[in-house]
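Structural characterization, general
So you can see what is in the structure, the chains are spelled out below.
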Amino acid sequence: MPNSDRSRIPSRLALAIAGAALMSGSLGVSAQTATKPATPAAVPVATPDLARALPDFSALVEQAGPAVVNIRTSEKVKVANAQVDEQMRELLRRFGIPVPPQRRTPPGATPAPAPDDDEDDDAPQRRGLGSGFVIGADGFVMTNAHVVDDADEVMVTLTDKREFKAKVVGLDRRTDVAVLKIEASNLPLLRMGDVGKLKVGEWVMAIGSPFGFDNTVTAGIVSAKARDTGDLLPLIQTDVAINPGNSGGPLLNLRGEVVGINSQIYSQSGGFMGISFAIPIDEAMRVADQLRASGRVTRGMLGVYPDDVSKEVAEAIGLGKPQGALISRITPAGPGEKAGLQLGDVITKFDGKTVEKAVDLRRLAAATKPGTKVPLQVFRRGAYKDLVATLDALPDDRTPAAPEAETPAATGAQAWGLTVSELSEAQRKELKVDGGLRIDTAEGPAARAGLKAGDVILSANNAEVKTIKQFQAALAKVEKGKSLQMLVRRGEVATYVVIKPGKG
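Residues numbered from 1 in each chain as written. Predicted model: local features only at pLDDT ≥ 70, side-chain atom pairs only at ≥ 80, totals over all residues. Heavy atoms only, no water.

A look at empty space enclosed by the protein
Short version of the rule: Think of a 1 Å grid over the protein atoms and nothing else: a 1.4 Å probe that fits but is trapped marks a cavity, an open set flanked by protein within 12 Å on at least five of seven lines marks a pocket, and residues with an atom within 4 Å of a point count as lining. Grid points are joined across faces, edges and corners, and a volume is the space filled by probe spheres set on the points. Classes in brief: Ala, Val, Leu, Ile, Met, Phe, Trp, Tyr, Cys and Pro nonpolar; Asp, Glu, Lys and Arg charged; the others, Gly included, polar.
Under the counting rule described, the total for this entry stands at two cavities of 30 Å³ or more. Here the largest cavity is characterised by a volume of approximately 80 Å³. Val68, Val69, Asn70, Thr157, Leu158, Thr159, Lys161, Gly208, Ser209, Asp214 and Asn215 are the residues that line the largest cavity. Grouping the amino acids of the lining of the largest cavity by side-chain chemistry returns three nonpolar, six polar and two charged. Taken as a whole, the second largest cavity encloses approximately 30 Å³ of empty space. Forming the boundary of the second largest cavity are Arg174, Arg296, Val297, Arg299, Leu394, Pro395 and Asp396. Considered class by class, the residues forming the lining of the second largest cavity number three nonpolar, no polar and four charged.

Focus: helix 10 (residues 358-366)
Under the convention used in this document: Burial status follows relative accessibility: with a 1.4 Å probe on protein chains alone, a residue under 20% of its type maximum counts as buried, one over 50% as exposed, and anything between as partly exposed. Numbering of helices and strands runs from the N terminus; a helix is a DSSP stretch of H or I covering at least four residues, while a strand is a stretch of E covering at least two.
Taking burial as the measure, the nine residues of helix 10 include seven buried ones, the bulk of the element. Taken as a whole, helix 10 has its buried residues at Ala358, Val359, Asp360, Leu361, Arg363, Ala365 and Ala366.

Some thoughts on the environment of Pro188
Note the following rule: Should any heavy atoms of two residues lie within 4.5 Å, those residues are counted as being in contact.
Within the secondary structure, Pro188 is located in the loop between strand 7 (177-181) and strand 8 (191-192). For the pair Pro188 and Pro66, spaced 122 residues apart in the sequence, the C-alpha separation amounts to 6.5 Å. Excluding anything up to four places from it in sequence, Pro188 contacts Pro66, Ala67 and Val134.

Thoughts on the packing of aromatic side chains
Where two aromatic rings form a pair, the distance of their centres and the angle of their planes describe that pair. To be explicit about the condition: When the centres of two rings from Phe, Tyr and Trp lie within 6.5 Å, Trp using its six-membered ring, the rings pair. Their planes under 30 degrees apart give stacked, over 60 give edge-to-face, and anything left gives tilted. In this analysis the charged atom, NZ for Lys or CZ for Arg, is taken to sit over a ring once it is within 6 Å of the ring centre and within 35 degrees of the ring normal.
Under the defined criterion, the tally for this structure stands at two aromatic pairs. Ring geometry for Phe57 against Trp203: centres 6.0 Å apart, planes inclined by 65 degrees, an arrangement best described as edge-to-face. Of the two residues, Phe57 is situated in the loop between helix 3 (47-53) and helix 4 (58-64) and Trp203 in strand 9 (residues 203-208); the sequence distance between them amounts to 146 residues. A ring pair is formed by Phe379 and Tyr384, whose centres lie 5.1 Å apart and whose planes are at 70 degrees; its orientation type is edge-to-face. Lying over the aromatic face of Phe140, Lys181 brings its terminal NZ or CZ to 5.5 Å of the ring centre. We note Arg329 situated over the ring of Tyr305; from NZ or CZ to the ring centre the distance is 4.8 Å.

A few points about the nonpolar core
One broad rule of soluble globular proteins: the nonpolar side chains tend to lie buried together. To keep things clear, this is the line we draw: Buried residues of nine kinds, namely Ala, Val, Leu, Ile, Met, Phe, Trp, Tyr and Cys, make up a nonpolar core once their side-chain atoms join them within 4.5 Å.
With 39 residues, the main nonpolar core has Phe133, Met142, Leu251 and Ile281 as its most contacted residues. A total of six residues in this core trace back to one element, the largest contributor, which is helix 7 (residues 281-294). Leaving out residues up to four positions away in the same chain, Leu251 has contacts with Val204, Met205, Ala206, Ile236, Thr238, Val240, Glu257, Val258, Val259, Gly260, Asn262 and Ala278.

What about the pairing of strand 27 (residues 484-490)?
Heads up, the rule is: Whether two strands pair depends on DSSP finding at least two bridges between them.
Burial within strand 27 is extensive, with seven of its seven residues counted as buried. The alternating pattern of strand 27 places Leu484, Met486, Val488 and Arg490 and Gln485, Leu487 and Arg489 on opposite faces, both of which are buried. Two elements, strand 25 (residues 456-460) and strand 27, share four bridges in a ladder whose sense is antiparallel. Bridge pairing in strand 27 links Ala460 to Met486. One ladder, built from seven bridges, connects strand 27 with strand 28 (residues 493-499); its direction is antiparallel. Pairing of Val488 across the sheet is with Thr495, part of strand 28.

Some words on the pattern of salt bridges
We apply this condition: Definition used for salt bridges: Asp or Glu carboxyl oxygen within 4 Å of a side-chain nitrogen of Lys or Arg.
Evaluated as defined, the whole model comprises 14 salt bridges. Note that Asp160 is salt-bridged to Arg162, the shortest N-O span being 2.9 Å. Accessibility expressed as a relative area gives 43% for Asp160, which makes it partly exposed. With a relative accessible area of 38%, Arg162 lands in the partly exposed category.

Regarding the environment of Gly340
On the secondary structure map, Gly340 appears in the loop between helix 9 (335-339) and strand 18 (346-350). Its relative accessible area of 29% is what places Gly340 among the partly exposed residues. For Gly340 and Val388, which are 48 residues apart along the polypeptide, the C-alpha to C-alpha distance reads 8.5 Å. Residues within four places of Gly340 in sequence aside, it is in contact with Asp345, Arg380 and Leu387.

Structural notes on a nonpolar patch on the surface
What counts here: Like charges are joined within 9 Å and nonpolar side chains (Val, Leu, Ile, Met, Phe, Trp, Tyr) within 5 Å, but only among residues with over 30% relative accessible area and no salt bridge; these make up the patches. For the accessible areas, the method is Shrake-Rupley and the probe is 1.4 Å, while residue cover comes only from the protein chains on display.
Taken together, the side chains of Leu54, Trp203 and Leu254 define a hydrophobic patch exposed on the protein surface, amounting to about 280 Å² of accessible area. Its place among the elements puts Leu254 in the loop between strand 12 (250-253) and strand 13 (257-265). Residue classification places Leu254 among the partly exposed residues on the basis of a relative accessible area of 46%.

The following block contains the structure:
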């Protein structure tokens, strides 16, 4: 035997002995390990325990999968009657866009009128994909409003490949919830979970049709709760992979209960980037119940435009901490005006519930039945006041939203860069105010605070001002070097403005 081979024998033998020792040690049959405790360095990593800690979603998928559906929509694209030239037709073909048929007119003949869009079977169509899940064994399906909004045709496909043309029972754009109805019975159902018990860090799973891939399962954890990305709903944030086509599908916990409807993604590219949002199922079911009953959702309205209270404003008006909803605009003859609310009021409680920020007031009012009398706690000019408002019905969500008003500004007297004048009786009637001073010029500190000529000062230093004399008295109480706080109105909107002293 060559010397080189002989020299390898001890090393091979050593490796074999070492391997045997490791094998016997791991099985607990080594005499050495039986009589001598292992050193900390020899303790193996507890990978079996880690493996057992990771969830297995397979049983959950088998249980919940049959109740999840695929949704396809189509919408006829309205095209002009003008003919599309050949260059444009070729461009449309390259990008896979349906090309409207070219209608040719024989020489000397009168061009025939184009058929109505609704009767043109060859008209191009916009198609969409989404997901949903069964909420009624008799054929009711829940999905997102944006999945079926404006669709001319909605098709629902079950996991057993049965396909149905669906009717849109109702949709609510404000919460992005829609209910469909298909002609089917004895459908599998999903259990609804308790969102209040959902915890950040808890495992959740989504089932849907991302990019049209039916019954795709993704999983992750709840990364945050009560995210204020929705106007009327605080959303559930997760790191579950959600992509176009997942919208409307269920978000489930490990008990197989629906805790949310996958609705939004945060993305700069159109694809998943690590954050997704779901509508809490308890809120969604409240909306769905109304849609099933009447096809629409009824909400309460206070008739005010609330803003958040900044720390600076809270300190300036004596509120202490930034909380509540600052009333910057009031709907004429609305519930708020009838209840006695005034511009600059800060609503701190609604029906006994604490209002921390403006969105809280909007959600509490919307969740209250129209016609309900609601007690309000209001902070006004340094003191709390109790009022009672009877809510009106919020207009239908198809009503165009009012344009955002300009952000007003605020002020002082000549030392603050201001010149003011008293309002005439006609101006007071037009503005529907009892008093106030019109800003004629705003310079220096006032201009830096954002004030403009034409703004109206309603109060200064928490004191109502109707005359120049009252305004001067309020300014005289401002300590040297301190800021001046005023309630200023611009157009229909009022807000607090803090003017910092300084050289003009």
